[in-house]
Amino acid sequence: MHTTRSSRTTLAVSSVVLCLAAAAACSAPSDKSNSSSGGDSSAPIKIAVVDAQSGENSALGAWEYKGAKLAVDQWNAKGGIDGRKIQLHLFDDKGDPTTGTNIASKLASQGYAAMIGTAESGVTVAMEPTLQSAQIPNITSGQSPQIIASKDPFVFLNGPTSTTYDATLAKYVIDTKGLKKVAMITNNGSYGKGEHDAFLAELKKRGLSPTTDQVVTTNQIDFSAALTTIKKTNPQVVFIGSEEVEAGLIVKQARSLGITAPFAGAAPQGTPVYISTAGAAHAEGTIVSSPYLNNEATAQSKSFAAAYQAAYKQTAELHGAKAYDGTSIVLTALKNSHVATGKKLADAIRATNYQGLLGNFSFDATGVGIFATKIGIVKSGQLAAAS
Amino acid sequence: MQVFLQTLVGGLSLGAVYALVALGFALVYRTMGLVNFAHADVLMIGAYVASTFTMSEHLPFAVAVVAAMVITGLIGLVIERMLRPLEGKDFDLMLIGTIGFGIVLEALATLIWGATGRAVPSPVDTPPLHLLGASIPTYDLVVVGVAIVAMIALTLFLERTRRGIAMQAVAMDYDAASAAGINVGRSNAIAFSIGAGLAALAGALVGPLLYVSPSMGGSIGIDGFAAAILGGFGSIPGAVIGGVVIGLLSSFSAGHFHGYSDLVTFLVFAVLVMIRPTGLFGERTVSRA
């Protein structure tokens, strides 16, 4: 039935694509020449947000879009860039790499200046070749080292890579806290694999090996076997490399099996979705490595959180902040380069030094701009800075 | 030993969930000869409705479950009514119709509750029981119990009541059943709404175990469908046994093959179906779909 579902999804997607193509056919010629050449100085600048709006990772997609839209709205309110308005278009990649590549081709043919997203490393990796050949700069929220391995000059990260997240985490857990008996549970998706390799490398660096190294699938529901094995090795801390919902389910089941050791992980383990899926009591004490712990850290994050609250009646969090930073960097680069496109815009992004919510961005040749995270602990259902 | 026992417990409670899903597939197939591909999406609606009643309206869990079953039962009636013009004409079209309804339900859920989904707190808070070093979550026992009761109730309904026997007759021979004075339309409507109610029951029960989102039907639907096929499609006890087998297969292959567990589970499934094409309790009385 999975094939039926995906084929029916494909059917639905292709019919939507057909309709869009038909609608775009009338307006495409003028649109394309305007934004790709930058010739018409009054046409809006088109920026795409590609993120899951449906499926298990849609929470990420919704947060990302809100962050990106907030940045664009603020710039438009100030008159746009060189008198031109910025138009943000949202595409739903469903967290699926195949859908992502279809969208990449669409962006290439419709004259988008830049792309924000995606939140899933796997989708970004799939979209990269198409975006690279179309010369569309892309600021992704993915963090897998796989993204930068391609040395694609058009891809940038709006946060640190898994290597940075896990180096900080290992330093705190092993060096500062002295917890040397570490069990690992990660999933076999792009994100989980990146976390697995990065954290294992940190353990090896210290001459340690995990008490057990459990790998689960991305859509697994029952973790009894993996968790019982972990329990038998009696670890002091369990490293978890999985997205919000699955990580929440793992922790919930672990507690019911009597595992009392704290869990440690990267950004997903600091989100409200993780905490509510696990249950606040079960998530208590989770050690989180994240570049954005909460909205109270700086004056800048406070004003971002206030604007976010005013616009969406919701509390801002990491993913919105990352997308806000990424979008602000693209807009700053567009302003500095007087609305350049293609390679020139990519160079302008690389040259942009930006003081963001996550820290000071200064991009290297691989497209990474941030090289530090902070350590937070989940306390009473909230992420707080570790003392 | 401890790992084996715990995996067994995990597999059995997972199996109970799949069994409940498979029961709905099996009922509609047995009484109409139709595979209802909207089943997993009705399950998702049931999970949302039940969790809305418990979380926002603070109704007791049992009341919320019954309310969810009634509401999805009505949705089942609507689906059947809209597909009725196709009954007795072209079952393939009806099959496609159910796929369409599935997509509509998923889109509706996204409109009403948003795409993000929600975590549902467990309605049973008592600590897990311990047996020979394995821990058994009390809520899992509830799920297993409900699955068994549902199986027995369905079997009694189909085999011991006039209505149930008439409904099975419809699937065996549409024309003969109408000639014998059975109201085929009504019979199908009842089948669809009981099937939808079962889906809601499964959805309401898995909500607290998993995460409720518009796309949650996807993987549960596949496994539940596989369970129904494995048990012998249309067989009520078969659906339950099939569910338990798929649940145990998933849990044990997860323990042994880690990242490749899905591959192994469905390879074993494929081999089992090749050996016994009619499933474990195969009695394919229906040849219409």
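Residues numbered from 1 in each chain as written. Chains lettered and ligands numbered in written order. Predicted model: local features only at pLDDT ≥ 70, side-chain atom pairs only at ≥ 80, totals over all residues. Heavy atoms only, no water.

Draft legend 1. Highlighting the UniProt feature "transmembrane region" (unreviewed entry) in chain B. Residues and elements named next belong to chain B. The UniProt record marks residues 6–27, 59–79, 91–116, 136–158, 190–212, 224–251 and 257–275 with the feature "transmembrane region" (unreviewed entry), using the residue numbering of this structure. The span residues 6–27 is 100% helical and 0% strand by assignment, and the distance between its end C-alpha atoms comes to 32 Å. Each end of residues 224–251 is marked by a C-alpha atom, and these two atoms are 15 Å apart; helix forms 86% of the span and strand 0%. (UniProt positions renumbered as here; feature names shortened; annotations may be inferred. Helix = DSSP H or I, 4+ residues; strand = E, 2+ residues; numbered from the N terminus.)

Draft legend 2. Layout of the environment of Val155(A). All names here are of chain A. Position of Val155 among the secondary structure elements: in strand S5 (residues 155–157). Using a relative accessible area of 1% as the deciding quantity, one classes Val155 as buried. For Val155 and Gly367, which are 212 residues apart along the polypeptide, the C-alpha to C-alpha distance reads 6.0 Å. Val155 has contacts with Thr124, Glu128, Asn138, Thr140, Ile147, Thr366 and Gly367, leaving out every residue within four places of it along the chain. (Buried < 20%, exposed > 50% of the residue type's maximum accessible area, 1.4 Å probe, protein only. Contact = heavy atoms within 4.5 Å.)

Draft legend 3. Spatial organisation of the domain arrangement of chain A. Residue and element names in this part refer to chain A. The domain boundaries assigned to chain A delineate domain 1 (37–160 + 300–362) and domain 2 (162–290). Counting residues at the interface gives 15 residues for domain 1 and 18 residues for domain 2. The contact between domain 1 and domain 2 buries some 1,200 Å² in all, and 59% of this surface belongs to carbon and sulfur atoms. If you look at where domain 1 meets domain 2, you find 0 salt bridges. (Domains from an automatic or database assignment. Buried area = accessible area lost by both parts, 1.4 Å probe. Salt bridge = Lys/Arg side-chain N within 4 Å of Asp/Glu carboxyl O.)

Draft legend 4. Just the interface of chain A and chain B, in detail. Each partner contributes residues to the interface: chain A has 34 residues there, and chain B has 41 residues. Counting each side, the surface lost to burial between chain A and chain B is near 3,100 Å², with a carbon and sulfur contribution of 60%. Applying the counting rule to chain A against chain B returns 4 residue pairs in polar contact (both at pLDDT 80 or more). When residues of the side of chain A that touches chain B are traced back to their parent elements, those giving at least two are helix H1 (2–37), helix H2 (58–77), strand S7 (213–216), helix H8 (224–232), helix H9 (244–256) and helix H10 (272–278) of chain A. The greatest single-element share of the side of chain A that touches chain B, amounting to 6 residues, is contributed by H8(A). (Polar contact = N/O pair within 3.5 Å; in protein donor to acceptor, adjacent residues only side chain to side chain.)

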